[in-house]
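Residues per chain, in single letters:
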Amino acid sequence: MTAALIGIDWGTSSFRAWRIDGAGRVIDAVTEGPGILAAITQPGGFEGALTRAIGGWLGAAPIIASGMITSRNGWVETPYLPLPLDLSALAGGLVAHETGFGRIHFVCGAISDRDGPSPDVMRGEETEIIGHLADSNPDGLFILPGTHSKWAQVRAGRLTGFRTVMTGEMFQLMRDHSILGRLIQPGPPDPEAFGRGVAAGGQGGPLLGRIFSARSLALLERLGPGQIADYLSGLLIGDEVAQCLADAPDAPDAPVTIIGRGDLADRYRIALQAQGVRAQIAPAGMAQRGLWNIAQTAGIV
């Protein structure tokens, strides 16, 4: 089947690509490939890595790409577009780059509070949000869990604000490189331990003080070695959710959508429920859908 567009979501450690037909439907997909940190060290750099990943597709359809591939460490660094940001702005801000197999259109990132004391940036998440808005309510709070989670506010179909929280990276550092991690032993997922952590995360007081309970509870044998990681995960996610909801007073009344995959998205849903907020998990394919909508608006397809 003939493709009208090749869409690529290329992150720091992930790679996904889709062949998309003229109706916006995926006709083929590649979900494994080198992230940008691995690709840059391979023969031929990014162009070589892309050729090895989807070489059979190249040259037959326009290409559009988003994610950390457009960062300072990526293939082409694109600007950050200011808020409020909508589909038309993303389509109008595409950066074209010529390669040996044709032109690639790179999606710009977004910046919040550029001149303020705490500017914030995103690359890739804006495309996923735009993908969801094409088929849903144009208002609400969007949560994108990950190494660096994003909390994004959308009003009237425009991204109006967001915050990045380094919860995932902090969990990995504490699990793998802290004194807490020395007590952790692998085990099956423990929903009860995660729930206990969420409850602790929603309490007051300094977060760094509450984190130490992952060690003290284990030392007192009130938390098993196989439960510590789930407890710590719950505590960090619970704190993130409690603090971010406090800064979003209309969150309980506006739609709350989690854009993510697998167990992590469900963990955020559970933590939100513990705070009295019901959230829906978006169906898969938001990045692909966003790339299609941007390309269509830009007249690439």
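Heads up: the structure comes first, above all this text.
Bear in mind that the values here come from a model prediction, so they are computed numbers and not experimental data.

*Asks:* Is there a simple way to explain the packing of aromatic side chains in this structure?
*Replies:* Given two aromatic rings, one states the distance between the centres and the angle between the planes to describe the pair. What the rule picks out here adds up to 5 aromatic pairs. Centroid distance tryptophan 10 to phenylalanine 15: 5.0 Å. Interplanar angle 85 degrees. Geometry classified as edge-to-face. Residue tryptophan 10 shares its accessibility class with phenylalanine 15, and that shared class is buried. Ring centres 6.1 Å apart and planes at 20 degrees place the aromatic pair phenylalanine 46 and tryptophan 75 in the stacked group. Here phenylalanine 46 is found in helix H2 (residues 45-54), whereas its partner tryptophan 75 is found in the loop between strand S4 (63-66) and strand S5 (80-82), with 29 residues between them in sequence. Among the aromatic residues, those joined into a cluster by ring pairs are Trp10, Phe15, Phe46, Trp75 and Phe106. In this structure, arginine 123 is placed above the aromatic ring of tyrosine 80, and the distance from its NZ or CZ to the ring centre is 4.1 Å.

*Asks:* What exactly am I supposed to notice about the sheet that holds strand S3 (residues 26-30) here?
*Replies:* Sheet strands associate in pairs through backbone hydrogen bonding, adopting either a parallel or an antiparallel arrangement. Reading across the sheet, the 6 strands line up as S3-S2-S1-S4-S7-S6 and stay open at both edges, with mixed pairing between neighbours. A single partner strand is all that each edge strand has here, and the edge strands are S3 and strand S6 (95-99). Geometrically, the sheet is characterised by an average inter-axis angle of 25 degrees between neighbouring strands, direction not taken into account. Strand direction decides the pairing type here: S6 and strand S7 (residues 102-106), joined by 5 bridges, are antiparallel. Looking at S7, one finds that histidine 97 is bridged to isoleucine 104.

Scoring rules and cut-offs
Residues numbered from 1 in each chain as written. Predicted model: local features only at pLDDT ≥ 70, side-chain atom pairs only at ≥ 80, totals over all residues. Heavy atoms only, no water. Phe/Tyr/Trp six-rings, centres within 6.5 Å; stacked < 30°, edge-to-face > 60°. Buried < 20%, exposed > 50% of the residue type's maximum accessible area, 1.4 Å probe, protein only. Helix = DSSP H or I, 4+ residues; strand = E, 2+ residues; numbered from the N terminus. Lys NZ or Arg CZ within 6 Å of the ring centre and 35° of its normal. Pairing = 2+ DSSP bridges. Axes fitted to C-alpha atoms, helices over the stretch in contact; angles between N-to-C directions.

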